[in-house]
Amino acid sequence: MPVYSNPDGYVYSDETVRRLAQMTTAAPDFKIFWDDAYVVHHLTDEQVEIPNILDECKVAGHPERPLMFCSTSKITYPGAGVAAMGASLKNIHYITKNMVPMIISYDKMNQLRHVQFLKNKQGVLEHMKKHRAILQPKFDLVKNTFKNELEPCGKIARWTNPKGGYFISLYVMPGCAKRVAQLCSDCGLSLTGAGASYPYGLDSRDSHLRIAPTYPSVEDLGVAAQLLTICVRLATVEKLIQRAEH
Ligand SMILES: Cc1ncc(COP(=O)(O)O)c(C=O)c1O
(Lines give C-alpha, C1' and ligand atoms only; values in the text may rest on other atoms or scores of the structure.)
Protein backbone atom coordinates (compact mmCIF):
# COMPACT_ATOMS: atom_id res chain seq x y z
CA MET A 1 0.00 0.00 0.00
CA PRO A 2 1.99 2.96 -1.25
CA VAL A 3 -0.25 5.82 -0.10
CA TYR A 4 -1.55 6.16 3.47
CA SER A 5 -0.46 2.61 4.05
CA ASN A 6 -2.56 0.47 6.34
CA PRO A 7 -2.02 0.59 9.36
CA ASP A 8 0.59 3.37 9.81
CA GLY A 9 -0.55 5.82 7.15
CA TYR A 10 2.95 6.02 5.68
CA VAL A 11 3.49 7.20 2.10
CA TYR A 12 6.27 5.68 0.02
CA SER A 13 8.95 8.22 -0.90
CA ASP A 14 9.77 8.85 -4.56
CA GLU A 15 13.06 7.07 -3.90
CA THR A 16 11.29 3.95 -2.58
CA VAL A 17 8.91 3.83 -5.54
CA ARG A 18 11.86 4.05 -7.97
CA ARG A 19 13.88 1.49 -6.02
CA LEU A 20 11.00 -0.99 -6.27
CA ALA A 21 10.70 -0.30 -9.99
CA GLN A 22 14.43 -0.65 -10.65
CA MET A 23 15.55 -3.40 -8.27
CA THR A 24 17.05 -6.59 -9.60
CA THR A 25 14.91 -9.58 -8.67
CA ALA A 26 15.73 -13.29 -8.63
CA ALA A 27 12.49 -14.19 -10.41
CA PRO A 28 12.16 -12.77 -13.93
CA ASP A 29 8.38 -12.52 -13.50
CA PHE A 30 8.52 -10.84 -10.07
CA LYS A 31 5.27 -8.94 -9.44
CA ILE A 32 4.36 -5.98 -7.28
CA PHE A 33 0.73 -5.78 -6.15
CA TRP A 34 0.27 -2.02 -5.79
CA ASP A 35 -2.81 -1.68 -3.58
CA ASP A 36 -3.95 1.92 -3.94
CA ALA A 37 -6.97 1.45 -1.67
CA TYR A 38 -6.52 4.91 -0.07
CA VAL A 39 -5.26 6.91 -3.02
CA VAL A 40 -7.82 9.71 -2.64
CA HIS A 41 -8.48 9.37 1.09
CA HIS A 42 -6.84 12.60 2.21
CA LEU A 43 -7.27 13.93 5.75
CA THR A 44 -5.38 17.20 5.24
CA ASP A 45 -5.17 19.91 2.58
CA GLU A 46 -2.09 18.20 1.22
CA GLN A 47 -3.05 15.94 -1.68
CA VAL A 48 -0.21 13.48 -1.37
CA GLU A 49 0.90 12.14 -4.74
CA ILE A 50 3.72 9.76 -5.54
CA PRO A 51 5.36 8.65 -8.81
CA ASN A 52 3.28 6.34 -10.97
CA ILE A 53 4.66 2.82 -10.51
CA LEU A 54 3.52 1.80 -14.02
CA ASP A 55 5.59 4.59 -15.59
CA GLU A 56 8.57 4.02 -13.31
CA CYS A 57 8.65 0.29 -14.06
CA LYS A 58 8.37 0.95 -17.78
CA VAL A 59 11.32 3.37 -17.66
CA ALA A 60 13.31 0.84 -15.62
CA GLY A 61 12.68 -1.84 -18.24
CA HIS A 62 10.25 -3.89 -16.10
CA PRO A 63 6.86 -3.00 -17.62
CA GLU A 64 5.22 -6.28 -16.51
CA ARG A 65 6.23 -5.91 -12.86
CA PRO A 66 3.36 -3.91 -11.35
CA LEU A 67 -0.32 -4.72 -10.95
CA MET A 68 -2.10 -1.68 -9.61
CA PHE A 69 -5.46 -1.87 -7.84
CA CYS A 70 -8.02 0.48 -6.40
CA SER A 71 -11.72 0.39 -5.65
CA THR A 72 -14.55 2.51 -4.35
CA SER A 73 -14.98 0.28 -1.31
CA LYS A 74 -14.09 3.20 0.93
CA ILE A 75 -15.57 5.83 -1.38
CA THR A 76 -19.10 4.59 -2.01
CA TYR A 77 -19.96 1.12 -0.64
CA PRO A 78 -17.65 -1.38 1.03
CA GLY A 79 -17.82 -4.63 -0.92
CA ALA A 80 -20.38 -3.20 -3.35
CA GLY A 81 -18.37 -0.63 -5.22
CA VAL A 82 -16.41 -0.62 -8.44
CA ALA A 83 -12.82 -1.79 -8.70
CA ALA A 84 -10.12 -0.87 -11.18
CA MET A 85 -6.82 -2.33 -12.20
CA GLY A 86 -3.87 -0.83 -14.00
CA ALA A 87 -1.12 -2.89 -15.63
CA SER A 88 0.80 -3.38 -18.87
CA LEU A 89 -1.23 -4.38 -21.90
CA LYS A 90 0.27 -7.87 -21.70
CA ASN A 91 -0.83 -8.27 -18.06
CA ILE A 92 -4.30 -6.87 -18.78
CA HIS A 93 -4.74 -9.37 -21.63
CA TYR A 94 -3.57 -12.21 -19.40
CA ILE A 95 -5.88 -11.26 -16.51
CA THR A 96 -8.98 -10.56 -18.59
CA LYS A 97 -8.51 -13.90 -20.38
CA ASN A 98 -8.47 -15.64 -16.98
CA MET A 99 -11.42 -13.66 -15.67
CA VAL A 100 -13.77 -14.66 -18.46
CA PRO A 101 -14.57 -18.09 -16.94
CA MET A 102 -14.98 -16.48 -13.52
CA ILE A 103 -17.53 -13.83 -14.39
CA ILE A 104 -19.85 -13.74 -17.35
CA SER A 105 -20.62 -10.05 -17.03
CA TYR A 106 -20.16 -7.19 -14.62
CA ASP A 107 -22.77 -5.39 -12.54
CA LYS A 108 -23.32 -2.77 -15.21
CA MET A 109 -26.10 -0.99 -13.31
CA ASN A 110 -23.72 -0.47 -10.40
CA GLN A 111 -21.01 0.77 -12.76
CA LEU A 112 -23.50 3.21 -14.29
CA ARG A 113 -24.61 4.39 -10.83
CA HIS A 114 -20.97 5.09 -9.97
CA VAL A 115 -20.30 6.99 -13.20
CA GLN A 116 -23.44 9.08 -12.77
CA PHE A 117 -22.70 9.80 -9.13
CA LEU A 118 -18.93 10.40 -9.22
CA LYS A 119 -18.65 11.59 -12.85
CA ASN A 120 -14.87 12.20 -13.07
CA LYS A 121 -11.70 12.73 -11.04
CA GLN A 122 -12.93 16.10 -9.78
CA GLY A 123 -16.20 14.49 -8.74
CA VAL A 124 -14.31 11.83 -6.77
CA LEU A 125 -12.17 14.45 -5.03
CA GLU A 126 -15.23 16.54 -4.16
CA HIS A 127 -16.96 13.48 -2.74
CA MET A 128 -13.86 12.62 -0.68
CA LYS A 129 -13.93 16.10 0.85
CA LYS A 130 -17.29 15.16 2.38
CA HIS A 131 -15.77 12.02 3.86
CA ARG A 132 -12.90 14.10 5.19
CA ALA A 133 -15.32 16.52 6.89
CA ILE A 134 -16.74 13.55 8.81
CA LEU A 135 -13.45 11.79 9.49
CA GLN A 136 -10.93 14.51 10.29
CA PRO A 137 -12.63 15.57 13.57
CA LYS A 138 -12.66 11.92 14.65
CA PHE A 139 -8.94 11.49 13.96
CA ASP A 140 -8.20 14.80 15.74
CA LEU A 141 -10.26 13.73 18.74
CA VAL A 142 -8.35 10.47 19.14
CA LYS A 143 -4.92 12.07 18.63
CA ASN A 144 -5.73 14.88 21.08
CA THR A 145 -6.91 12.39 23.68
CA PHE A 146 -3.69 10.39 23.25
CA LYS A 147 -1.68 13.60 23.58
CA ASN A 148 -3.50 14.82 26.68
CA GLU A 149 -3.79 11.48 28.47
CA LEU A 150 -0.63 9.63 27.46
CA GLU A 151 2.07 12.20 26.79
CA PRO A 152 2.21 13.44 30.41
CA CYS A 153 3.01 9.85 31.50
CA GLY A 154 6.38 9.84 29.71
CA LYS A 155 7.32 7.52 26.88
CA ILE A 156 4.70 4.85 27.49
CA ALA A 157 3.23 4.93 23.98
CA ARG A 158 3.65 6.46 20.55
CA TRP A 159 1.20 6.85 17.71
CA THR A 160 1.14 7.81 14.06
CA ASN A 161 -0.21 11.03 12.62
CA PRO A 162 -1.59 9.94 9.24
CA LYS A 163 -2.36 12.47 6.53
CA GLY A 164 -4.92 10.11 5.08
CA GLY A 165 -6.34 6.62 5.13
CA TYR A 166 -8.43 5.04 7.81
CA PHE A 167 -6.18 4.17 10.73
CA ILE A 168 -4.00 5.40 13.55
CA SER A 169 -1.33 3.02 14.79
CA LEU A 170 -0.87 3.02 18.55
CA TYR A 171 2.34 1.43 19.83
CA VAL A 172 2.24 0.67 23.57
CA MET A 173 4.99 -0.67 25.81
CA PRO A 174 6.13 -4.11 24.52
CA GLY A 175 4.13 -6.91 26.09
CA CYS A 176 1.09 -4.70 26.76
CA ALA A 177 -1.02 -4.59 23.58
CA LYS A 178 -3.03 -7.76 24.22
CA ARG A 179 -3.59 -6.71 27.82
CA VAL A 180 -4.84 -3.28 26.71
CA ALA A 181 -7.30 -4.90 24.29
CA GLN A 182 -8.47 -7.25 27.06
CA LEU A 183 -8.96 -4.42 29.58
CA CYS A 184 -10.92 -2.44 26.97
CA SER A 185 -13.01 -5.48 26.10
CA ASP A 186 -13.82 -6.03 29.81
CA CYS A 187 -15.33 -2.54 29.77
CA GLY A 188 -17.33 -3.16 26.58
CA LEU A 189 -14.98 -1.50 24.09
CA SER A 190 -14.02 -3.70 21.14
CA LEU A 191 -10.69 -2.93 19.49
CA THR A 192 -9.29 -4.64 16.43
CA GLY A 193 -7.40 -7.59 17.93
CA ALA A 194 -3.91 -6.72 19.16
CA GLY A 195 -1.36 -7.70 16.51
CA ALA A 196 -4.01 -8.07 13.79
CA SER A 197 -1.89 -6.09 11.33
CA TYR A 198 0.99 -8.57 11.45
CA PRO A 199 1.23 -11.73 9.34
CA TYR A 200 -0.76 -14.47 11.11
CA GLY A 201 -1.65 -11.85 13.76
CA LEU A 202 1.73 -12.39 15.43
CA ASP A 203 3.24 -9.19 16.79
CA SER A 204 6.41 -10.49 18.44
CA ARG A 205 6.66 -7.33 20.56
CA ASP A 206 2.96 -7.39 21.51
CA SER A 207 2.98 -3.64 21.14
CA HIS A 208 0.72 -2.65 18.25
CA LEU A 209 -2.95 -1.65 18.25
CA ARG A 210 -4.66 -0.52 15.06
CA ILE A 211 -7.15 2.18 15.89
CA ALA A 212 -10.01 2.69 13.43
CA PRO A 213 -11.81 5.88 14.46
CA THR A 214 -14.07 6.09 11.41
CA TYR A 215 -17.24 4.25 12.41
CA PRO A 216 -18.34 5.41 15.90
CA SER A 217 -20.08 8.72 16.50
CA VAL A 218 -17.90 11.56 17.84
CA GLU A 219 -19.60 11.19 21.24
CA ASP A 220 -18.91 7.46 21.49
CA LEU A 221 -15.41 7.96 20.17
CA GLY A 222 -14.64 10.49 22.91
CA VAL A 223 -15.59 7.97 25.61
CA ALA A 224 -13.79 5.15 23.80
CA ALA A 225 -10.55 7.13 23.39
CA GLN A 226 -10.59 8.11 27.09
CA LEU A 227 -11.18 4.53 28.11
CA LEU A 228 -8.43 3.30 25.83
CA THR A 229 -5.88 5.67 27.35
CA ILE A 230 -6.88 4.56 30.87
CA CYS A 231 -6.35 0.93 29.82
CA VAL A 232 -2.96 1.79 28.27
CA ARG A 233 -1.86 3.43 31.53
CA LEU A 234 -3.17 0.54 33.61
CA ALA A 235 -1.49 -2.13 31.46
CA THR A 236 1.77 -0.17 31.57
CA VAL A 237 1.70 0.05 35.37
CA GLU A 238 0.93 -3.67 35.61
CA LYS A 239 3.90 -4.43 33.35
CA LEU A 240 6.24 -2.17 35.30
CA ILE A 241 5.20 -3.76 38.62
CA GLN A 242 5.64 -7.21 37.09
CA ARG A 243 9.15 -6.30 35.94
CA ALA A 244 10.07 -4.79 39.31
CA GLU A 245 8.95 -7.98 41.06
CA HIS A 246 11.18 -10.23 38.93
C1 LIG B 1 -5.77 -1.83 2.06
C2 LIG B 1 -7.01 -2.43 1.49
N3 LIG B 1 -6.95 -3.07 0.31
C4 LIG B 1 -8.05 -3.63 -0.24
C5 LIG B 1 -9.26 -3.58 0.41
C6 LIG B 1 -10.43 -4.28 -0.20
O7 LIG B 1 -10.94 -3.62 -1.27
P8 LIG B 1 -12.19 -4.28 -2.05
O9 LIG B 1 -13.37 -4.18 -1.12
O10 LIG B 1 -12.32 -3.46 -3.26
O11 LIG B 1 -11.82 -5.70 -2.33
C12 LIG B 1 -9.37 -2.93 1.63
C13 LIG B 1 -10.65 -2.85 2.35
O14 LIG B 1 -11.67 -2.49 1.84
C15 LIG B 1 -8.21 -2.33 2.19
O16 LIG B 1 -8.26 -1.70 3.37
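Residues numbered from 1 in each chain as written. Predicted model: local features only at pLDDT ≥ 70, side-chain atom pairs only at ≥ 80, totals over all residues. Heavy atoms only, no water.

Asks: Honestly, the overall build of the chain in this entry has me stumped. Any pointers?
Replies: For the chain, the helix and strand inventory stands at 7 helices and 6 strands. Along the chain, helices and strands appear, N-terminal first, in the series α-β-α-β-β-α-α-α-β-β-α-β-α. Across the 246 residues in the chain, those meeting the buried criterion constitute 38%. By sequence separation, contacts in the chain at least 24 residues apart represent 72% of the contacts at least 6 residues apart. Of the roughly 14,700 Å² of accessible surface on the chain, 58% is carried by carbon and sulfur atoms. Charge centroids of the chain, computed over 28 positive and 24 negative side chains, lie 3 Å from each other. (Helix = DSSP H or I, 4+ residues; strand = E, 2+ residues; numbered from the N terminus. Buried < 20%, exposed > 50% of the residue type's maximum accessible area, 1.4 Å probe, protein only. Contact = heavy atoms within 4.5 Å. Areas by Shrake-Rupley, 256 points an atom, 1.4 Å probe, with all protein chains shown as cover. Lys, Arg positive; Asp, Glu negative; His and termini not counted. Charge placed at Lys NZ, Arg CZ, Asp CG, Glu CD.)

Asks: Is there a simple way to explain the packing of aromatic side chains in this structure?
Replies: What describes a pair of aromatic rings is the distance from one ring centre to the other and the angle between the planes of the rings. Within the structure shown, the criterion is met by 4 aromatic pairs. Measuring from centroid to centroid gives 5.9 Å for Phe33 and Phe69, while their planes differ by 25°, and the two rings are stacked. Of this pair, Phe33 sits in strand E1 (residues 32-35) while Phe69 sits in strand E2 (residues 66-71); the two residues are 36 residues apart in sequence, bridging distant segments of the chain. Aromatic pair Tyr38 and Tyr166: ring centres 5.7 Å apart, planes at 45°, arrangement tilted. Taken as a pair, Tyr38 in the loop between E1 and helix H2 (53-59) and Tyr166 in the loop between strand E4 (157-159) and strand E5 (168-172) lie far apart in primary sequence, 128 residues in all. Looking at Tyr38, the relative accessible area reads 4%, which means it is buried. One Lys or Arg, Lys74, reaches over the ring of Tyr38 and ends 5.2 Å from the middle of that ring. (Phe/Tyr/Trp six-rings, centres within 6.5 Å; stacked < 30°, edge-to-face > 60°. Lys NZ or Arg CZ within 6 Å of the ring centre and 35° of its normal.)

Asks: Before we go on, may I ask you to explain the site of the ligand in this structure?
Replies: Around the ligand, the neighbouring residues are Met1, Asn6, Asp35, Ala37, Tyr38, Ser71, Ser73 and Lys74. One nitrogen or oxygen atom from the side chain of Lys74 is found 2.5 Å from an oxygen atom belonging to the ligand. For the ligand, whose free accessible area comes to 390 Å², the fraction covered by protein is 56%. In terms of residue class, the shell around the ligand is built from 3 nonpolar, 3 polar and 2 charged. (Near = heavy atom within 4 Å. Polar contact = N/O pair within 3.5 Å; in protein donor to acceptor, adjacent residues only side chain to side chain. Nonpolar A, V, L, I, M, F, W, Y, C, P; charged D, E, K, R; others polar.)

Asks: Even after reading the chapter, I still don't get the sheet that holds strand E3 (residues 83-86), so can you show me in this structure?
Replies: Strands pair in a sheet through their backbones, by hydrogen bonds, and they do so in one of two ways: parallel or antiparallel. The strand order across the open sheet formed by 3 strands is E1-E2-E3, and the pairing between neighbours is mixed. The open sheet terminates on both sides in strands that have one partner only, identified here as E1 and E3. If you compare each strand with its neighbour and ignore which way they point, the axes differ by 20° on average. Note that E2 and E3 share 4 bridges and pair antiparallel. (Pairing = 2+ DSSP bridges. Axes fitted to C-alpha atoms, helices over the stretch in contact; angles between N-to-C directions.)

Asks: How do you make sense of the pairing of E1 when you look at a structure like this?
Replies: Taken residue by residue, a regular strand's side chains alternate between the two faces of the sheet. Only one face of E1 is covered, namely the face carrying Ile32 and Trp34; the face carrying Phe33 and Asp35 is uncovered. In the sheet, E1 pairs with E2 via 4 bridges, with the strands oriented parallel. Bridge pairing in E2 places Asp35 opposite Phe69. In this fold, the crossover linking E1 to E2 by way of H2 has right-handed handedness. (Right-handed = clockwise from strand over helix to strand, strands pointing away.)

Asks: What's the story with the packing of helix H6 (residues 177-186) against helix H7 (residues 218-245) in this structure? I'm lost.
Replies: Packed helices, taken two at a time, are described by the angle their axes make and the gap between the axes. Viewed as axis vectors pointing N to C, H6 and H7 meet at an angle of 130°, and their least axial separation amounts to 9 Å. On the basis of their axis angle, the class for H6 and H7 is oblique. Note that H6 runs across H7; the crossing there is right-handed. Along the contact surface, H6 presents Arg179, Val180, Leu183 and Cys184, while H7 presents Leu228, Cys231, Val232, Leu234, Ala235 and Glu238. Its residues placed into classes, the contact of H6 with H7 shows 8 nonpolar, no polar and 2 charged. (Parallel < 35°, antiparallel > 145°, perpendicular 65-115°, else oblique. Left-handed = near helix turned anticlockwise from the far one by under 90°.)

Just geometry here; none of it tells us what the structure is for.
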